[in-house]
Amino acid sequence: AISGKPAPDVVWTKGNRPLIASPKIKFKVTDRVAIVTIHDVDRPDDGTYTCTVKNSSGVEDASVKVHVLSRPGQPTDLVIGEITPDSVKLNWGPPDDDGGMPITNYIVERCDPKTPDDWVKVSSAIRKTDYKITKLMHGSSYLFRIRAQNFNGPGEPLMTPAIVAKYQFDTPGAPGKPVAKNVTKDRLTLMFDEPDSDGGSHIIGYWVERKERTSVRWERLNREILGPDERKIQVDDLEEGLDYEFRASAENRAGRGKNSPASIPYTAADPAGMPGLVETPEVIDCTPTTVSLQWGRPATDGGSRVTGYIVENLLLGEEEWHKCHMKATIRQTELIVTDLVELDAYKFRVSAVNEGGVGEPAETPFVVCKEQLAPPVLDLTDISDSVVVRQGNDFNVTIPFTAAPKPKVTWMRGYQVLGPIERFFVKNTAESASLTIKKVEKRDAMKYTLNVENDLGSQSFEINLQVLGKPGKPEGPITFEDVTPESLELLWKPPRDNGGSDVTNYVVERSDNAGVTWTYVSSDVKRTSVKVPKLTPGAQYILRVSAENRYGVGEAIRSTSIIAKYPFDAPEPPAAPTTSDIAKDSLTVSWKPPTEDGGSEIIGYLLDKKEVGTSRWMRISKSILKKRDHRVTNLREGTEYEFRVFAINAAGESGPSAMSAPARVVDPVSPPAELNVSFVTRASVGLTWKKPGLTGGKKIITYIIERRNLKQDKWVVCNTENVIATEYVIKGLVNNAKYEFRVSARNSAAVISEPAGPTFPVLCKDELVPASIKLDYNMKETMQFPAETTITLGTLIAGMPAPEVTWTKDNRPMVRSSRVDRVTTKRTSSTVIKDASRADSGSYVVTAKNDTGVSQVCMNVTVIGRPSRVGPIELVTTSVDSITIRWAEPEDDGGTPIRSYTVERTEAGQDNWVVFSASVRKNTCKVTRLRTGTTYIFRVTAVSDIGASDPILSKPITAKSPFNVPGPPPRPEVFMEAADTAFLTWTCPDDDGGVEIIGYFVEKKERTSIRWSRVNNLPVKEWKYRVSTLMEGLEYEFRISAVNEAGVGKPSQSSESVQALEPVDKPSGPINIKLVDSARTTATLQWSKPKFDGGADIIGYIVEQREMSSEEWIKCHKTHIIKETTLFVTGLKKGKQYYFRISAVNRGGTGEPADLGHPVLAADLEEAPNLELDVTMKKAVTFRAGVPIRLYIPISGKPAPEVFWEKEDGELPNRATVETSEVATALIIQESCWSDAGRYQLTLKNDSGVKCASVTVRVLDVPGPAASLIVKDVTKSSATLVWEPPVLDGGSAPRSYVVEKRESHRRTWTTLDARCNKMSYKVMKLMEGVTYYFRVLAENAYGIGEARETIEPIVAQDAVEVAEAPSRIQAVDVDRNAVVLKWDKPLVSEGAEIMNYVVEYVEEGQTTWEKYATVRDTMCEVLNLHEGTS
């Protein structure tokens, strides 16, 4: 306010600066006031404002301090502290402007720079100006922002630049290439140099890896990291002969650095040294001028392959050794030393040579050069003529002998000469004969004979070999007896071969999937029969039986397939049953036997029942019913039942019969009694009868009247409405027609009796009397009745035919009800009204009418009663101690005037009514003497001379001031500051009740409780409150109520429940969401836990779905959350597409959802075939010979794929079996051998595609035969053999070859070279003209393999030209089945002798010549020809 004369000048200043008018600042000056208005105030408008007034009489000023409250400004002085792969430390300063209010907390948020609008709250309960953000993802980039918050809300954010979650230094560089030293066959020492760069952080250690040179898979050598100064490591467990590469890597705090370059390959082998002693050299033959020596390879080659031998001799009496051969070394392990002096004594020595040098020599004793003659003599010391060997073991026998000259040694198997065939190995030397049989089999049990023979004699020895092993197959066939659905008896015969030991028991197995898998029935069956129990009825089985002795279980014999069922079938179902003799709780069910008994006599029946409208059948009797009817009791009255029957024979139950017709279980009703005809007209007949004796325990509600024209067979119902009386007039009959009549009773349970009647035939003809009606003797035209009494209105009627009577009230037809009833007889008609009310007042008209006349009477009725309720109570005004109400007068005064109104009150929630006034004359009332703030309910009653109306109640009304209590505040937000402390914030309600809010009350409750408790005793004025009395682990909810002078308002909506724990964040979305399977109405989802759990355990997941055409998300499960990471979703609509999303839940709440990423079609999932090769199968898989090969590969695909196994270079061996299920397939080859090596191809195929894979199998075995064998450069005394290495080397490269020959007329082979190291050999000293066969056997680390033999015989002769064809061939004699041919010698034979001629023949019209004979002469007789054929 201002004043002064003259009017003063007004100046406004803020601080020391004058205010200037602008759109924001407006000035208003009058004679009395000076006003400045500032619009849209902001924090800069905060300060001291001074108003100065000045005129000629003086100056005066006044100041006012203005505080502008706002949100705080941006934090300051951001410093990014330590950054690690999973955390960032941030420091900042408080904002320069706190918004005029203290800073309550800081909010830190983060986001991905790729999605800068998608901010995630890290924490909102930060009190300090630094915070460490944890649980970041290594290598991810983040943006962070910080906002200060006061009671007005959060301020502007302070944002960081993009920060990558990683150490602020790099991983170290690569170390130097590793170098190996001290390499042996199983270990080496590895060294490497430190890296050029440590990445800016101290190196904490090194990792070392290795791999085979041909592999791509690196393997870590050190389980624990090497120290920073440990750059040397000893590598053990190397496999001899393999090549290895090595690499190293360094590690610092940033992680593991790059790998070093791979080292050069190092072979695991000992350093080459000189070879050891050769196997004892021996003199195998001696002549006057020669000595034949033989020796074995040295036991150790010194780490390098033996390249040859040096043989030397020493003459007795001399000291100098002389070399026995011209070459530096010889390759073979035998030598014939020539040019010796007869009768001189010589000693010989042999040394092995390799890259390391000449090994130590092995010497022979002195031998005298002379002819050595002696017949063969066998040394049978410790040699038995009967040997027992376990099946599968090796048999070996070595028999020493002496003989000179060198004898011929042969082994016989039975009557067959043994050569080096599969599993049989013969080794003969000059002093012994050895026979070895690998993995002895049953068939090897026989007599073996050794024969040693030279020119001076011979000696033989027989050995009987007995083989003990597993028993053979039991004798078949397997037969079955006593087959039932649950069991059967199995019979077989003992095996012929008991394996050399008595059969101790039998092993019986069964299979219900065609032999894919087997289940033991018993493994200890003593007899040749067994009962197989616990079969599945109707299932198909295969059984197998194996004999067992002390050496194991033998081969099994399989049965044919058999189905677990009786030899006869279950019977056919009976026909549908029928019901009869129905009572209120029982009835009788009957049925007929089935048409087919299934081949077995029917032994009884089973009976089921069910209520109509349900699907649940219940068995009536647990025991079998022998008869074909049954009385069913304990039924529920009034219920309809259906029945079905099962027939039973020895094979089991039949299917169910068809259902019976529905039968309702009720108490029977007897027919009406004494049915009579009361009158007859030409068109109507009157009937009377008496009520039935039995009513079924229920009230008879109507009678059914029927008629039948005697000219027809059909009964017709006459009444279309309920008939209660025991008389009825049937109308609409035909004049002069004859009728019969009958009547049935029906009770309230809808049970209909048998009909009474029929009556005697009735002829319709006329008897006419006009209708008439009058009031009953005690009736008047005008009558009054009190309310709530029974009113009876009666009339008297007459006429023929019986008149039809109708009643109306106020010109409307009267309708019967539970309160209004009408009774009409032949002479009277009356209406009875129970509990009469005001609505029953009116004019009642009764009309009687027949074919000859109409008559009426009228009665005016008035019902006097209490008035109706007054109109609704309305509030007029309210104050702190009084309430004024009003109401509408009653619509019906009950027939008498309203005398007064009674007004009563009670407090809300109580039933203690107090009369305020009983003599209120008007329809308004002021109720006084009320308590402030108390809620009341009022009721008003209208009173007349007849009585009081029903009261009407008002709504609850509170005695209060004109102001309202405030509305509910918005839902509060809760932040857990500690395990026992929660910080609440809220804002003011939208409605303050018309007066200023003075504070707030805070309430809390446990989540599972319904009781709220107030936290603060006095209202708090601020919009925040800290609750520090929580119990750790419990879940709480909070709500806020505002308070003004009118009282406490309604509470806010309760907050989200929070658990009293240390504060955590919500989790991120689950990861790796994928569709596992889908069908027409289902889908299976699978996911992994979220990468960020918010700092608390994940307690479950919420899975939601929505159709593609809808925006509404629907939960896929009934429970609030699910705990598993997989869900089978049901209830999908076929052919619809759905989206799915999944949210993780922890105690901090529900995190952001993660979606599947693509819609899912509700249809059967088609999945292309797939397979999973084990890591070991991705390179060659190695097996030892004799060990089963098992290739197991998991497979998948929908529908289940077909499986095909193939061998790349041929068919699968006969020993191979394939076992396949829906999830895996396995190829099994028993007793593997070298021929099983190779590449195996697996192909999976279904409608969705094809998947292939291959597995390479190596079998460590003796090598296969050489790939080819060619003979060339044949002369009369030599031939050259050339061959290729075996295709299958048995897993080990051939180290030498055995070369052998035999003459075509002999069976024994002669070894030419047992250690041939080349793939060619020149055979010398052949005999001219002799026919030879040659063969080559490869030898590797596992032994000598199969031989490759020449197919055609080779003749030792110089090459000659092929002879010319003979000339002048002619038939000199012919009969019906023979012809004699003659020809001349070729004109030119190139000087070579003609050895023989080949005669061939062919039938006329054919092109293939067939050899007939080889002859030496120029004539041949051809026999066995077909007569008449050319």
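Going by the structure above, here's the rest.
Basis of the calculations
Residues numbered from 1 in each chain as written. Predicted model: local features only at pLDDT ≥ 70, side-chain atom pairs only at ≥ 80, totals over all residues. Heavy atoms only, no water. Helix = DSSP H or I, 4+ residues; strand = E, 2+ residues; numbered from the N terminus. Rg over C-alpha atoms; globule rule 2.2 N^0.38 Å. Buried < 20%, exposed > 50% of the residue type's maximum accessible area, 1.4 Å probe, protein only. Areas by Shrake-Rupley, 256 points an atom, 1.4 Å probe, with all protein chains shown as cover. Lys, Arg positive; Asp, Glu negative; His and termini not counted. Charge placed at Lys NZ, Arg CZ, Asp CG, Glu CD. Pairing = 2+ DSSP bridges. Axes fitted to C-alpha atoms, helices over the stretch in contact; angles between N-to-C directions. Phe/Tyr/Trp six-rings, centres within 6.5 Å; stacked < 30°, edge-to-face > 60°. Polar contact = N/O pair within 3.5 Å; in protein donor to acceptor, adjacent residues only side chain to side chain. Contact = heavy atoms within 4.5 Å. Salt bridge = Lys/Arg side-chain N within 4 Å of Asp/Glu carboxyl O. Patch = residues over 30% accessible without salt bridge, like charges linked within 9 Å, V, L, I, M, F, W, Y side chains within 5 Å.

### Some details on the overall build of the protein chain
Then comes step 1: Within the protein chain one finds 0 helices and 119 strands.
Then comes step 2: For the protein chain, the C-alpha radius of gyration of 60 Å lies well beyond 35 Å, the compact-globule estimate for 1430 residues.
Then comes step 3: Taken along its principal axes, the extent of the C-alpha atoms in the protein chain is 175 × 135 × 65 Å.
Then comes step 4: Every one of the 1430 residues in the protein chain was classed for burial, and the buried ones make up 41%.
Then comes step 5: Carbon and sulfur atoms make up 48% of the accessible area of the protein chain, which amounts to about 80,300 Å² in all.
Then comes step 6: Charge centroids of the protein chain, computed over 178 positive and 192 negative side chains, lie 10 Å from each other.

### Thoughts on the sheet that holds strand β35 (residues 395-404)
Then comes step 1: The 4 strands lie next to each other as β33-β35-β39-β38, forming an open sheet whose pairing is antiparallel. The open sheet terminates on both sides in strands that have one partner only, identified here as β33 (374-378) and β38 (424-428). In this sheet, adjacent strand axes meet at a mean angle of 15 degrees when their direction is disregarded.
Then comes step 2: For β38 and strand β39 (residues 432-437), the ladder comprises 5 bridges, and the chain directions are antiparallel. For F425, the partnering residue across the bridge sits in β39 and is T436.

### Quick word on the packing of aromatic side chains
Then comes step 1: In this structure the tally under the stated criterion is 23 aromatic pairs.
Then comes step 2: Ring geometry for W689 and Y703: centres 5.3 Å apart, planes at 65 degrees, overall edge-to-face. Of the two residues, W689 is situated in strand β59 (residues 685-690) and Y703 in strand β60 (residues 700-709); the sequence distance between them amounts to 14 residues.
Then comes step 3: For the pair W1087 and Y1101, a centre-to-centre distance of 5.6 Å together with 70 degrees between the ring planes defines the contact as edge-to-face. With W1087 in strand β91 (residues 1083-1088) and Y1101 in strand β92 (residues 1100-1107), this pair connects stretches of sequence that are 14 residues apart. Like W1087, the residue Y1101 is buried in the burial classification.

### A few points about the side chain of E1300
Then comes step 1: Positionally, E1300 belongs in strand β109 (residues 1296-1303).
Then comes step 2: There is a polar contact of 2.6 Å between the side chain of E1300 and the side chain of R1335.
Then comes step 3: Apart from residues lying up to four places away in sequence, E1300 is in contact with P420, W1309, T1310, T1311, L1312, Y1333, F1334, R1335 and L1337.

### A look at unusual backbone geometry
Then comes step 1: Across the junction of K5 and P6, the peptide omega takes the value -5 degrees, indicating a cis bond.
Then comes step 2: Positionally, P6 belongs in the segment before β1 (9-14).
Then comes step 3: Each neighbour pair has its own omega, and for G757 with P758 the value is 10 degrees, a cis peptide bond.
Then comes step 4: Tracing the backbone through its elements, the reader meets P758 in the loop between β63 (738-747) and β64 (762-763).
Then comes step 5: Within the chain, N1072 stands out as a residue other than glycine whose phi angle is a positive 55 degrees.
Then comes step 6: With respect to the helices and strands, N1072 occurs in strand β90 (residues 1071-1078).

### Here we look at the pattern of salt bridges
Then comes step 1: Under the counting rule described, the total for this entry stands at 58 salt bridges.
Then comes step 2: When salt bridges with common partners are traced through the structure, they connect R413, R423, E441, R443 and D444 into a single cluster.

### Section: a nonpolar patch on the surface
Then comes step 1: A contiguous nonpolar patch, built from Y1401, Y1412 and L1423 and spanning about 250 Å² of accessible area, is present on the exposed surface.
Then comes step 2: With respect to the helices, strands and loops of the structure, Y1401 is situated in strand β117 (residues 1397-1401).
Then comes step 3: Residue Y1401 is classed as partly exposed on the basis of its relative accessible area of 33%.

### Let's talk about the side chain of K1004
Then comes step 1: Take K1004: it is sitting in strand β84 (residues 999-1006).
Then comes step 2: Within the buried core, K1004 has no salt-bridge partner, and the shortest N-O distance to an opposite charge, that of E1006, equals 7.8 Å.
Then comes step 3: At a separation of 3.3 Å, a polar atom in the side chain of K1004 contacts the side chain of T1029.
Then comes step 4: What K1004 contacts, discounting residues up to four positions off in sequence, is R1011, W1012, S1013, V1015, T1029, L1030, Y1036, E1037 and F1038.

### Let's talk about the sheet that holds strand β7 (residues 76-84)
Then comes step 1: The strand order across the open sheet built from 3 strands is β7-β8-β11, with neighbouring strands paired in antiparallel fashion. The sheet is open, and its two borders are formed by β7 and β11 (130-133), each paired with just one other strand. Averaged over all pairs of adjacent strands, the angle between strand axes in this sheet comes to 15 degrees, irrespective of strand direction.
Then comes step 2: In the sheet, strand β8 (residues 87-93) pairs with β11 via 4 bridges, with the strands oriented antiparallel. Its bridge partner lying in β11, N91 is registered against D130.

### Let's talk about a negative patch on the surface
Then comes step 1: Taken together, the side chains of D112, D117, D118 and E1152 define an acidic patch exposed on the protein surface.
Then comes step 2: Take D117: it is sitting in the loop between β9 (105-111) and β10 (120-126).

### What to know about the environment of R1307
Then comes step 1: With respect to the helices, strands and loops of the structure, R1307 is situated in the loop between β109 and β110 (1310-1316).
Then comes step 2: Distance from R1307 to A165, taken between C-alpha atoms, is 83 Å for residues 1142 residues apart in sequence.

### Some thoughts on a positive patch on the surface
Then comes step 1: Taken together, the side chains of R297, R305, K327, R331, R1295 and K1318 define a basic patch exposed on the protein surface.
Then comes step 2: Note on placement: R331 falls in the loop between β27 (322-323) and β28 (334-337).

### Here we look at the pairing of strand β94 (residues 1126-1129)
Then comes step 1: Only one face of β94 is buried: it carries L1127 and V1129, and the other face, with T1126 and F1128, is open.
Then comes step 2: Of the pairings in the sheet, the one linking β91 to β94 comprises 4 bridges and is antiparallel in character. Among the inter-strand pairings, L1085 is bridged to a residue of β94, identified as L1127.

### Here we look at the pairing of β90
Then comes step 1: Note: β90 against β91, 5 bridges, orientation antiparallel. For I1071, the partnering residue across the bridge sits in β91 and is S1088.
Then comes step 2: Connecting the antiparallel pair β90 and β91 is a turn made up of 4 residues.

### Overview of the environment of G1345
Then comes step 1: Relative to the helices and strands, G1345 is located in strand β113 (residues 1343-1349).
Then comes step 2: With relative accessibility at 10%, the residue G1345 sits in the buried group.
Then comes step 3: Linking G1345 and W1234, residues 111 residues apart in sequence, is a C-alpha distance of 9.1 Å.

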